[in-house]
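Chain residues, written in single-letter form:
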Amino acid sequence: MRKPIIAGNWKMNKTIPEAKTLVTGVLDKLSGFNDVEVLFCPPFTALSTVKELIKGTSCKLGAQDLYWKEKGAFTGEVSPLMLKDVGCDYVIIGHSERRQFFGETDETVNEKVKAALAVGIKPIICVGESLAEREAGETNALITRQTEKALAGIEASAIANMVIAYEPIWAIGTGKSSSASDANEVIGLIRNTVARIFSKAIAAEVRIQYGGSVKPENVKEYMSQSEIDGALVGGASLEVDSFIKLIRY
Ligand code: PGA
């Protein structure tokens, strides 16, 4: 059984005091609830604060990016070891905002996936098409390519430890979400791609999330689809009430 995973990607939001208020508020309303894996992905500056707050709970900590080198002259970057050091369980890799604004490519995504796995941090690999690509009928080819390239050279034994997030770019932060059945279809395609590269058994273990304008009002519909194992949530993860509603869908 794949345990559902609801992840809050805070993006570039929340100071340390704001992070404390949000996480404390969520934890207060969460006690004893263990049916889904809950993951907070704050900005780098709040990682250690959130780690302290979730100690002794089943909630997990994730970063939003990393660099693949262990250390050295890479001004502004954060290494896998540093994320391990601060207590990250997960790291988001290849988010469309990184691909769009910061030059992330399929090749750098692959480097980052390998680097995270090497220190025992679970990657959440993001894939997704733009509106133009969807309208041109390129979705399936693009998603297949992004998935294959992200997983190139990865050991089969590592696959069960990772999460893939399907996030159509046109649905992120726009209020326009993909229909649950369309999302389910693309996620099925991702799972088949993993099965083709590795095996059906391995593909059956990988958790694949949907992301893009997931809200309390639509989360249930996504989570009732056979292939969808969770949500990667931006906007609706920034308030206690909406994030709790998502977790308790
Ligand atoms: P959104 O963002 O929920 O605000 O659409 C999702 C994401 O980018 O992970």
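In what follows, the accompanying structure is described. This is a predicted model, so every value here is computed, not measured. (Residues numbered from 1 in each chain as written. Predicted model: local features only at pLDDT ≥ 70, side-chain atom pairs only at ≥ 80, totals over all residues. Heavy atoms only, no water.)

## Some details on the nonpolar core
Right, so step 1: In this structure, Val-26, Phe-40, Val-50, Leu-83, Tyr-166, Tyr-210 and Ile-247 are the most contacted members of the largest nonpolar core, which totals 69 residues.
Right, so step 2: Top element by residues in this core is helix H9 (residues 180-197). It accounts for eight residues.
Right, so step 3: Those residues within four positions of Leu-83 in sequence are excluded, and the remaining contacts are Phe-44, Leu-47, Ala-63, Asp-65, Leu-66, Val-78, Cys-88, Val-91 and Ile-121.
Right, so step 4: Of all hydrophobic cores here, the second largest spans eleven residues; its members include Ala-7, Tyr-90, Ala-165 and Leu-232. (Core = buried A, V, L, I, M, F, W, Y, C linked by side-chain atoms within 4.5 Å. Buried < 20%, exposed > 50% of the residue type's maximum accessible area, 1.4 Å probe, protein only. Helix = DSSP H or I, 4+ residues; strand = E, 2+ residues; numbered from the N terminus. Contact = heavy atoms within 4.5 Å.)

## As for the site of the ligand
Right, so step 1: Taken together, 13 residues are adjacent to the ligand, and Lys-11, His-95, Glu-167, Gly-173 and Ser-213 come closest.
Right, so step 2: Between His-95 and the ligand, the recorded distance is 2.7 Å, taken from a side-chain N or O atom to an oxygen atom.
Right, so step 3: Between Gly-235 and the ligand, the recorded distance is 2.9 Å, taken from a backbone N or O atom to an oxygen atom.
Right, so step 4: Protein chains bury 95% of the 280 Å² of accessible surface belonging to the ligand in isolation.
Right, so step 5: Here the ligand is seated within the second largest pocket. (Near = heavy atom within 4 Å. Polar contact = N/O pair within 3.5 Å; in protein donor to acceptor, adjacent residues only side chain to side chain. Areas by Shrake-Rupley, 256 points an atom, 1.4 Å probe, with all protein chains shown as cover. 1 Å grid on protein atoms, 1.4 Å probe; cavity = no way out; pocket = protein on both sides within 12 Å on 5 of 7 lines; lining within 4 Å. Sits in = over half its atoms within 2 Å of the grid points.)

## Brief notes about the sheet that holds strand S8 (residues 230-233)
Within a beta sheet, neighbouring strands are joined by backbone hydrogen bonds and run either parallel or antiparallel to one another.
Right, so step 1: Judged by pairing direction, the barrel is parallel, and its eight strands sit side by side in the order S1-S2-S3-S4-S5-S6-S7-S8 before closing back on the first. On average, each strand axis in the sheet is inclined to that of its neighbour by 25 degrees, with strand direction left out of account.
Right, so step 2: Bridge count for strand S1 (residues 5-9) against strand S2 (residues 37-41) is five bridges, and the pairing is parallel. From the neighbouring strand, Ala-7 faces S2, where its bridge partner is Leu-39. (Pairing = 2+ DSSP bridges. Axes fitted to C-alpha atoms, helices over the stretch in contact; angles between N-to-C directions.)

## Observations regarding the pattern of salt bridges
Right, so step 1: For the structure on display, the rule yields 17 salt bridges.
Right, so step 2: With a closest N to O distance of 3.0 Å, Arg-145 and Asp-106 form a salt bridge. Of this pair, Arg-145 sits in helix H7 (residues 139-150) while Asp-106 sits in helix H5 (residues 106-118), placing them 39 residues apart in sequence.
Right, so step 3: Put simply, Arg-134 and Glu-129 hold a salt bridge, and the shortest N to O gap is 2.7 Å.
Right, so step 4: Three or more residues joined by partner-sharing salt bridges are found here, namely Arg-2, Arg-191, Glu-227 and Asp-229. (Salt bridge = Lys/Arg side-chain N within 4 Å of Asp/Glu carboxyl O.)

## Side note on the side chain of Lys-112
Right, so step 1: Here Lys-112 lies in helix H5.
Right, so step 2: Polar contacts involving the side chain of Lys-112 include one to the main-chain carbonyl oxygen of Leu-66, which spans 3.3 Å.
Right, so step 3: If near-sequence neighbours (up to four positions away) are discounted, Lys-112 is found in contact with Asp-65, Leu-66, Trp-68, Ile-93 and Glu-104.

## Topic: the packing of aromatic side chains
Centre distance and the angle of the planes are the two values used to describe a pair of aromatic rings.
Right, so step 1: In this structure the tally under the stated criterion is seven aromatic pairs.
Right, so step 2: Each ring, one from Tyr-210 and one from Tyr-222, has its centre 4.4 Å from the other, and the planes form 20 degrees; the classification is stacked. Of the two residues, Tyr-210 sits in strand S7 (residues 207-211) while Tyr-222 sits in helix H11 (residues 219-223), which places them twelve residues apart along the sequence.
Right, so step 3: By the ring-pair criterion, three or more aromatic residues cluster together here, those being Trp-10, Phe-40 and Phe-243.
Right, so step 4: Sitting over the face of the ring of Phe-102, Arg-98 holds its NZ or CZ atom 4.1 Å from the ring centroid. (Phe/Tyr/Trp six-rings, centres within 6.5 Å; stacked < 30°, edge-to-face > 60°. Lys NZ or Arg CZ within 6 Å of the ring centre and 35° of its normal.)

## A few points about the packing of helix H1 (residues 16-28) against helix H2 (residues 47-54)
Right, so step 1: Packing of H1 against H2 brings their axes to within 10 Å, and their N-to-C directions diverge by 25 degrees. If you check the angle between H1 and H2, you find them roughly parallel. Between H1 and H2 lies a crossing of right-handed hand. The residues of H2 that touch H1, namely those facing Ile-16, Ala-19, Lys-20, Val-23, Thr-24 and Leu-27, are Thr-49, Val-50, Leu-53 and Ile-54.
Right, so step 2: By residue class, the composition of the contact of H1 with H2 is seven nonpolar, two polar and one charged. (Parallel < 35°, antiparallel > 145°, perpendicular 65-115°, else oblique. Left-handed = near helix turned anticlockwise from the far one by under 90°. Nonpolar A, V, L, I, M, F, W, Y, C, P; charged D, E, K, R; others polar.)

## Things to note about empty space enclosed by the protein
Right, so step 1: In this structure the tally under the stated criterion is one cavity of 30 Å³ or more.
Right, so step 2: Here the largest cavity is characterised by a volume of approximately 30 Å³.
Right, so step 3: The wall of the largest cavity is formed by Gly-94, His-95, Ser-96, Arg-99, Cys-126, Val-127, Gly-128, Gln-146 and Glu-167.
Right, so step 4: Secondary-structure elements contributing two or more residues to the lining of the largest cavity are helix H4 (96-101) and strand S5 (122-127).
Right, so step 5: For the lining of the largest cavity, a count of residues per class yields two nonpolar, five polar and two charged. (Points joined across faces, edges and corners; volume = space filled by probe spheres on them.)

## Here we look at the state of the cysteines
Right, so step 1: Using the criterion set out here, one finds zero disulfides in the structure.
Right, so step 2: Among the cysteines around Cys-41, which has no disulfide bond, Cys-88 carries the closest sulfur, lying 8.2 Å off.
Right, so step 3: Take Cys-41: its relative accessible area is 0%, and that puts it in the buried class.
Right, so step 4: Here Cys-59 stays free of any disulfide, with the sulfur of Cys-41 as its closest cysteine sulfur at 12 Å.
Right, so step 5: The class of Cys-59 is buried, set by a relative accessible area of 7%. (Disulfide = S-S within 2.5 Å.)

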